[in-house]
Amino acid sequence: MMKVSVLLAIVVATSEAFQAPPPLLRHHQPQSSTTSLDAKRKKLVSKVKNVLTGSSSDFDRLVKKTFPGAISNTKLTKKVVAALESKGFTPGNTLVATSFCADELARVLEDDFVNIYGQNFNLGGLSGFPFAGNTGWGAMSAHVPDNGFCLTIHGPHVGITQDGVVGKVERSG
């Protein structure tokens, strides 16, 4: 018997954190360009981590002003795991099935849950709507461990610009 639990998550990210990284280096470029590019990538990775772990105070203030009660991915995953553990969900008996928008803004939260529970069955979709249909849901249910659980997580994302405009994502390019 399969038990299904559904979590609706809205992924919020600053636009600056998701600007495309600079193009890959070519072998003939001088070493100083490589150093500069590595520093830029490290800065971008740090900025993304700060945004997604809730450690960026400017981002936190902006999100909480716009979405009162919003919590970071880290807090969300901890709360979900704690609530589900009390109901018998474990990494060994739980399949994660996600339906987030295909945009990169949602990948981090998906990865956070996969890092906890293991495999992910992607139900596809734009705006967080699962587009797998009856066949896809049937295929997903075949992957649920015997006498186990399926944690279905779906939801849209929303971007926020540096100026606090909700619904837009600034990307370079």
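Bear in mind the structure is a predicted one, so any value in this text is a computation, not a measurement.

This part covers the overall build of the chain. When its secondary structure is counted, the chain shows five helices and six strands. Each helix (α) and strand (β) of the chain, taken in turn from the N terminus, gives the series β-β-α-α-α-β-α-β-α-β-β. Within the chain, the proportion of its 173 residues that are buried is 34%. For the chain, the share of sequence-separated contacts (at least 6 apart) that also reach a separation of at least 24 residues comes to 73%. If you sum the accessible surface of the chain, you get close to 10200 Å²; carbon and sulfur atoms cover 56% of it.

In this section: unusual backbone geometry. Phi angles above zero are rare outside glycine, and Asn147 is one such case at about 55°. When you line up the elements, Asn147 lands in the loop between α5 (133-141) and β5 (149-155). Its relative accessible area of 62% is what places Asn147 among the exposed residues.

Glancing now at the pairing of β5. The element β5 is largely enclosed, with a buried count of six among its seven residues. As judged from the seven bridges shared by strand β3 (residues 94-100) and β5, these two strands associate in the parallel manner. Opposite Thr98, over in β5, you have Ile153 as the bridge partner.

Moving on, we get to the confidence of the model for the chain. Note: predicted coordinates in regions of low pLDDT should not be interpreted at a detailed level. The predicted model of the chain has a mean per-residue pLDDT of 74, with 68% of residues at 70 or higher. Throughout residues 1-31 the model reports pLDDT below 50, and contacts reaching past four residues in sequence, or to other chains, amount to 89 contacts.

Turning our eyes to something else, we now look at the packing of aromatic side chains. Working definition: an aromatic ring pair is given by the centre-to-centre distance plus the angle between the planes. A complete count under the given rule lists one aromatic pair for this structure. Consider the rings of Phe89 and Phe149, whose centres lie 4.0 Å apart with planes at 25°: the pair is stacked. With Phe89 in the loop between α3 (73-85) and β3 and Phe149 in strand β5, this residue pair connects regions lying 60 residues apart in the sequence. Considered together, Phe89 and Phe149 belong to a single accessibility category, that of buried residues.

Let's shift gears to α3. Over its 13 residues, α3 extends 18 Å from the first C-alpha to the last, a length consistent with the 18 Å expected when each residue adds 1.5 Å. Among all positions in α3, only Asn73, Leu76, Thr77, Val80, Val81 and Leu84 are buried. The buried residues of α3 all sit within an arc of 125° when viewed along its axis, so they share a single face. For α3, the exposed residues lying more than 90 degrees away from the buried face are Lys78, Lys79 and Glu85.

The residue Gln119 is located in the loop between α4 (107-117) and β4 (120-122) in this model. For the pair formed by Gln119 and Leu95, sequence separation is 24 residues and the distance between their alpha carbons is 6.3 Å. Each residue touching Gln119, except ones within four places of it in the same chain, is listed here: Leu95 and Val96.

Next up on the list: the side chain of Thr94. By secondary structure assignment, the location of Thr94 is in strand β3. Its relative accessible area of 5% is what places Thr94 among the buried residues. In this structure the side chain of Thr94 is engaged in a polar contact, spanning 2.8 Å, whose partner is the side chain of Asn93. Contacts of Thr94, omitting those with residues within four sequence positions, involve Phe89, Tyr117, Pro145, Phe149 and Leu151.

Take the packing of α3 against α4 next. One way to put it is that α3 packs onto α4 with a least axis distance of 10 Å and a crossing angle of 40°. As for the relative orientation of α3 and α4, their crossing is right-handed in sense. Contact residues: Asn73, Leu76, Thr77, Val80, Val81 and Leu84 in α3; Val108, Leu109, Asp112, Phe113, Ile116 and Tyr117 in α4. Its residues assigned to classes, the contact of α3 with α4 comprises nine nonpolar, two polar and one charged.

Reading guide: rules and limits
Numbers given for residues are sequential positions, taken from 1 along each chain in its written order. In keeping with the predicted nature of the model, local features appear solely for residues at pLDDT of at least 70, side-chain atom pairs appear and are counted solely at 80 or more, and the whole-chain, interface and lining totals rest on all residues. Only hydrogens and water are set aside when side-chain values are computed; all heavy atoms of the structure are taken into account. Note on conventions: DSSP H or I runs of at least 4 residues are helices, E runs of at least 2 residues are strands, and numbering of each starts at the N terminus. Burial classes: relative accessible area under 20% of the type maximum marks a residue as buried, over 50% as exposed, and values in between as partly exposed (1.4 Å probe, protein chains only). Here a residue-residue contact requires only that any non-hydrogen atoms of the pair lie within 4.5 Å. Each accessible area is a Shrake-Rupley estimate made with a 1.4 Å probe; only the visible protein chains count as cover when residues are assessed. Between any two strands, at least two bridges found by DSSP are needed for them to pair. Residue-level confidence of the predictor is summarised by pLDDT, bounded by 0 at the bottom and 100 at the top. In this scheme Phe, Tyr and Trp rings, the latter by its six-membered ring, pair at centre separations within 6.5 Å, and the angle between planes marks the pair as stacked below 30 degrees, edge-to-face above 60, and tilted otherwise. Helix span is expected to be 1.5 Å times the residue number reduced by one. Directions from the helix axis toward the C-beta atoms define the arc. N or O atoms closer than or at 3.5 Å make up a polar contact, with two conditions inside protein: a donor-capable atom paired with an acceptor-capable one, and, for residues adjacent in sequence, both atoms drawn from side chains. Interaxial angle, 0 to 180 degrees, is taken between N-to-C directions of lines fitted to C-alpha atoms, where a helix line uses only the stretch in contact. By definition, any crossing whose near helix is turned counterclockwise from its far helix by less than a right angle is left-handed, and any crossing with a clockwise turn is right-handed. Gly is placed with the polar residues, together with every amino acid not listed as nonpolar (Ala, Val, Leu, Ile, Met, Phe, Trp, Tyr, Cys and Pro) or charged (Asp, Glu, Lys and Arg).

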